[in-house]
Amino acid sequence: MIAITNIGCYIPEKKISNFDLLDKFETDENFITNKIGVVQRARKEPEEKASDLCIKAFANLQSKVTIDLLEIDCCVVVTQNPDFNIPHTSAIVHGALELTERCASFDISLGCSGYVYSLSIVTAFMQANGMKKGLLFTADPYSDIIDENDKNTALIFGDAATVSLLDAEQSGLVPLGFDFGSKGAGHKNLMNEDKLFMNGRAVFNFTAATVPISINKLLDKLDLTKEDIERWYLHQGSKYIVDTISKRLGLESERVVFDMYEYGNTVSSSIPLLLSKDIEKLQIGQKIGLSGFGVGLSWASTVLQKN
């Protein structure tokens, strides 16, 4: 089985405080802290692209674990804000890391549900082709498409990147099963034409109605109960969204991870950022739940077990 063995992260040092924008957007600290859950947002430099963030996340991974680049069989980047339309960003990352020519590289165009979708895609791809080691990157620099005068988006999104080391021969977090879905009819509620547009109420209603059903469906499929899950890692859309899903599922608050106050909603990177802090703490046999949801509109849930 393919396991997540470690995760590298990059969060830019530059931060923008939402408290400095209270007057501009006619809001208050309670809304910022308890509804959005984003006190400050991480911002890359204007000249930085998705591939640059990926490379910095990989440097962080290298500081945690020794990696032989000659052994990497695939390099995948999850992004909807690539460096260019052509070529794929994973090719740029592949070249920058000087990976071997036998190493497969491709992009996956998914946003908030992207990490969970990609775990299924990449682990299946590796297993089908006898691959032993892979790198799964996430990087969605939304600062390139944000309208800084739009309250619905300007206070929420931050920049970051992650890379998950996938290994067929080492212990780690192994997917037990997945649940996926799409509501393409709602795609206009979160989209980028010139700048990012989000119908916050519509996205919230979609999420609150859909994600609990997805998670319960997955638990039934795996013959598990909520009590079997040690911790829950939900996409960090906002504090209000995470709190609402938790309440509708009847989850114990101490088992639901929330941590976006200091960097914001990082889209496909939000779940692996959370996992990076806990992956080495989990004990053999423990199970955790993941669910990503948003752009598409789409959702994906999984249960991972530490093996």
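Residues numbered from 1 in each chain as written. Predicted model: local features only at pLDDT ≥ 70, side-chain atom pairs only at ≥ 80, totals over all residues. Heavy atoms only, no water.

### Topic: the overall build of the protein
Consideration 1: Check the secondary structure of the protein and you find eight helices and 13 strands.
Consideration 2: The globule rule puts the C-alpha radius of gyration for 307 residues at 19 Å, and the 18 Å found for the protein is close to it.
Consideration 3: Looking at the protein residue by residue over its 307 residues, the buried ones come to 57%.
Consideration 4: Considering only contacts in the protein between residues 6 or more positions apart, those separated by 24 or more positions represent 77%.
Consideration 5: In the structure as shown, the protein presents an accessible area of about 13,000 Å², 48% of it carried by carbon and sulfur atoms. (Helix = DSSP H or I, 4+ residues; strand = E, 2+ residues; numbered from the N terminus. Rg over C-alpha atoms; globule rule 2.2 N^0.38 Å. Buried < 20%, exposed > 50% of the residue type's maximum accessible area, 1.4 Å probe, protein only. Contact = heavy atoms within 4.5 Å. Areas by Shrake-Rupley, 256 points an atom, 1.4 Å probe, with all protein chains shown as cover.)

### Thoughts on the packing of aromatic side chains
Consideration 1: For the structure shown, the criterion picks out seven aromatic pairs.
Consideration 2: Ring geometry for Tyr117 versus Phe180: centroids 4.8 Å apart, planes at 35 degrees, classification tilted. Of this pair, Tyr117 sits in helix α4 (residues 114-128) while Phe180 sits in strand β8 (residues 173-182), placing them 63 residues apart in sequence.
Consideration 3: The interplanar angle of 10 degrees and the centroid separation of 5.0 Å between the aromatic rings of Phe204 and Tyr240 together place this pair among those described as stacked. With Phe204 in helix α6 (residues 200-221) and Tyr240 in helix α7 (residues 239-249), this pair connects stretches of sequence that are 36 residues apart.
Consideration 4: We classify Tyr240 as partly exposed; its relative accessible area is 39%.
Consideration 5: Grouping aromatic residues by their ring pairs yields a cluster made of Tyr117, Phe178 and Phe180.
Consideration 6: Over the aromatic face of Tyr240 sits the side chain of Lys35, whose NZ or CZ is 4.3 Å from the ring centroid. (Phe/Tyr/Trp six-rings, centres within 6.5 Å; stacked < 30°, edge-to-face > 60°. Lys NZ or Arg CZ within 6 Å of the ring centre and 35° of its normal.)

### A closer look at the nonpolar core
Consideration 1: Ile4, Tyr115, Leu275 and Leu290 are the most contacted members of the largest nonpolar core, which has 77 residues in total.
Consideration 2: At eight residues, α6 tops the list of elements feeding residues into this core.
Consideration 3: Contacts of Tyr115, omitting those with residues within four sequence positions, involve Ile4, Ile7, Leu136, Thr138, Ser164, Ser268, Ile271, Pro272, Leu275 and Leu290.
Consideration 4: Counting residues in hydrophobic clusters, the runner-up holds 21 residues, among them Ile67, Ile72, Leu99 and Ala139. (Core = buried A, V, L, I, M, F, W, Y, C linked by side-chain atoms within 4.5 Å.)

### Describing the pattern of salt bridges
Consideration 1: Enumeration over the complete set of coordinates arrives at 12 salt bridges.
Consideration 2: Of the charged contacts, one joins Asp179 and Lys217 as a salt bridge, the two residues approaching to 3.5 Å between their closest N and O atoms. Taken as a pair, Asp179 in strand β8 and Lys217 in helix α6 lie far apart in primary sequence, 38 residues in all.
Consideration 3: A relative accessible area of 8% places Asp179 in the buried class.
Consideration 4: For Lys217, a relative accessible area of 52% corresponds to the exposed category. (Salt bridge = Lys/Arg side-chain N within 4 Å of Asp/Glu carboxyl O.)

### Notes on the side chain of Ser301
Consideration 1: Along the chain, Ser301 turns up in strand β13 (residues 298-306).
Consideration 2: Under the relative-accessibility criterion, Ser301 is labelled buried at 1%.
Consideration 3: In terms of polar contacts, Ser301 uses its side chain to reach the side chain of Ser214, at 2.9 Å.
Consideration 4: A distance of 2.9 Å separates the side chain of Ser301 from the side chain of Ser291, its partner in a polar contact.
Consideration 5: With residues up to four places along the chain from it excluded, the contact list for Ser301 reads Val116, Gly177, Phe178, Asp179, Ser214, Ile215, Leu218, Leu290 and Ser291. (Polar contact = N/O pair within 3.5 Å; in protein donor to acceptor, adjacent residues only side chain to side chain.)

### Considering a negative patch on the surface
Consideration 1: Together, Asp220, Asp223, Glu227 and Asp228 make up a region of like negative charge exposed at the surface.
Consideration 2: By the secondary structure assignment, Glu227 is in the loop between α6 and β11 (231-234). (Patch = residues over 30% accessible without salt bridge, like charges linked within 9 Å, V, L, I, M, F, W, Y side chains within 5 Å. Lys, Arg positive; Asp, Glu negative; His and termini not counted. Charge placed at Lys NZ, Arg CZ, Asp CG, Glu CD.)

### Here we look at helix α2 (residues 50-62)
Consideration 1: For α2, built from 13 residues, the straight-helix expectation of 18 Å at 1.5 Å per residue is met to within 8% by its first-to-last C-alpha distance of 19 Å.
Consideration 2: Listed in full, the buried residues belonging to α2 are Ala50, Ser51, Leu53, Cys54, Ala57, Phe58 and Leu61. Looking straight down α2, one finds its buried side chains confined to an arc of 155 degrees; they lie on one side. (Expected span 1.5 Å × (residues − 1). Arc of directions from axis to C-beta.)

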